[in-house]
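Chain and residue survey
Now for the letters of each chain:
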Protein chains: 2
Amino acid sequence: MTSLDELIQALAKLPGIGRKSAARLAYHLLQTDQQFNTRLGKLIHSVQQKIIRCSRCGSFTEAGADPCPICTYPDRDRRSICVVEHPQDVLTLESTGAFNGLFHVLGGVISPLDGIGPEQLSLGRLADRIAEESIQEVIVATNPTEEGDTTALYIAHLLKQTGVRISRLASGIPVGGDLEYADRITIARSLRGRTIVD
Amino acid sequence: MTSLDELIQALAKLPGIGRKSAARLAYHLLQTDQQFNTRLGKLIHSVQQKIIRCSRCGSFTEAGADPCPICTYPDRDRRSICVVEHPQDVLTLESTGAFNGLFHVLGGVISPLDGIGPEQLSLGRLADRIAEESIQEVIVATNPTEEGDTTALYIAHLLKQTGVRISRLASGIPVGGDLEYADRITIARSLRGRTIVD
């Protein structure tokens, strides 16, 4: 196997990149300037040393900045915490500019079929944070899947005694979407979660 | 800018990878096993040292194997040569198993708008090969674009004196395609290039 085949095989292991795209990328890398390859190669090699998990929220942060900037930034609203499945969800929510509170990354959702129970997620750490910090509302932003819903219920149960408010992101027809193309479950949810027009 | 942002920016420079896919890839690389990253990083860094251009046909080959295996393999048909735009076209044609001759990579097509004239392509080298080797047919497999057609005509003109047969890949309705969805120019070409049913 040539280095080119090896490179194609390795690239094809990345998510969303099939055999054909991998070949296209490899041929591009063969013909681009070597400086770019040197830089990209180094970045890929070292990213896990330079970017670590924040010891407080579980999101990604630079090796020298733990807790992460979101956890330590003084102007954020420390009364509400948004619970997400994965670190990339923090980026997605931050990009909306619609939330200015804290985050907590679970590392997944409860999924018995995949062998993931509550103990595999950072739920104990979440309970500790609720006890230690001045949080008044927990917004559960797990995906609106069966596992995400189960996890939200579990969190509500887990934190019941603390008296904090537990909420869940609304699910329904996407903005700009069309009733005609929405599935029945989504429509049913959007009915249950209907909001008053005023 | 963090190393994560740098990695996302570098990945987004690759063809077919937008900002969102780049972020998804970067987060995957953050969470995959480090061994994979080390290997992929090295492969990207070193691919241009390990894979070079074949001095005969211009296709890619391993640094220790020049001329390339296709040029040197004794069982290939040395009477016909397929002229392609880019090295990856060799891979595409090889994957069909429908051609067993030699290849010649032009490195592009004649495109005055992009400032690419005949002298930027390996056309002189092609003429030399026709003079030196025992080639009887040149199959021009440039893409069926205006530039690809111009280049094919140029090659036919260039090699006119040599007496070799010059052919061009057929263009027409793709197999499994539908007349209804084909464009007018493709249909016109498929009419001109019609074949006898026997």
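Residues numbered from 1 in each chain as written. Chains lettered and ligands numbered in written order. Predicted model: local features only at pLDDT ≥ 70, side-chain atom pairs only at ≥ 80, totals over all residues.

1. Re the interface of chain B and chain A
At the interface, 37 residues of chain B touch 37 residues of chain A. For the side of chain B that touches chain A, the elements supplying multiple residues, two or more each, are α1 (3–12), α2 (19–31), α3 (34–50), β2 (60–62) and α5 (87–96) of chain B. Split into classes, the residues belonging to the side of chain B that touches chain A amount to 18 nonpolar, 13 polar and 6 charged. (Contact = placed C-beta atoms within 7 Å. Helix = DSSP H or I, 4+ residues; strand = E, 2+ residues; numbered from the N terminus. Nonpolar A, V, L, I, M, F, W, Y, C, P; charged D, E, K, R; others polar.)

2. Brief notes about the relation of the copies chain B and chain A
The operation relating chain B to chain A is a screw motion whose rotation component is 180°, with 0.0 Å of axial translation and a residual RMSD of 0.1 Å. Such a turn and shift between the copies fits a two-fold axis. If distances are taken from each C-alpha of chain B to the rotation axis, the shortest is found for B:Gly41, at 1.9 Å. Take the interface residues of chain B: 100% of them recur as interface residues in chain A, which is what a same-surface contact looks like. (Least-squares fit on C-alpha atoms with pLDDT ≥ 70 in both.)

3. Here's the deal with the nonpolar core
Of all hydrophobic cores here, the largest spans 34 residues; its most connected members are A:Ala26 and B:Ala26. Those elements giving two or more residues to this core turn out to be α1 (3–11), α2 (19–31) and α3 (34–50) of chain A together with α1, α2 and α3 of chain B. In contact with A:Ala26, not counting residues within four places along its chain, are A:Leu4, A:Leu7, A:Ile8 and A:Leu11. (Core = buried A, V, L, I, M, F, W, Y, C linked by C-beta atoms within 7 Å. Buried ≥ 20, exposed ≤ 12 C-beta atoms within 10 Å, placed from the backbone.)

4. With respect to the domain arrangement of chain A
Looking at the assigned domains, one finds that chain A contains domain 1 (3–52) and domain 2 (72–198). Domain 1 of chain A and domain 2 of chain A are separated by 34 Å when their C-alpha centres are compared. (Domains from an automatic or database assignment.)

5. As for the sheet that holds strand β6 (residues 165–168) of chain A
Residue and element names in this part refer to chain A. Spatially, 4 strands are ordered β4-β3-β5-β6 in an open sheet, and the strand pairing comes out parallel. Each edge of the open sheet is held by one strand with a lone partner, namely β4 (102–105) and β6. Neighbour-to-neighbour, the strand axes of the sheet open up by a mean angle of 25°, direction not taken into account. As judged from the 4 bridges shared by strand β3 (residues 80–84) and strand β5 (residues 137–140), these two strands associate in the parallel manner. By the bridge assignment for β5, Ile-81 is matched with Val-138. Lying over the sheet, helix α5 (residues 87–96) contacts β3 and β4, oriented at roughly 125° with respect to β3. (Pairing = 2+ DSSP bridges. Axes fitted to C-alpha atoms, helices over the stretch in contact; angles between N-to-C directions.)

6. Section: the sheet that holds strand β5 (residues 137–140) of chain B
Working definition: the strands of a sheet are paired by backbone hydrogen bonds and lie parallel or antiparallel to each other. Residues and elements named next belong to chain B. Read from one edge to the other, the open sheet built from 4 strands follows the order β4-β3-β5-β6, with strand pairing classed as parallel. At either margin of the open sheet sits one strand with a lone partner, and together these are β4 (102–105) and β6 (165–168). Averaged over all pairs of adjacent strands, the angle between their axes in this sheet comes to 25°, without regard to strand direction. As paired elements, strand β3 (residues 80–84) and β4 share 4 bridges and run parallel to each other. From the neighbouring strand, Val-84 faces β4, where its bridge partner is Val-105. On top of the sheet, α5 reaches β3 and β4; it is set at about 125° to β3, its chief contact.

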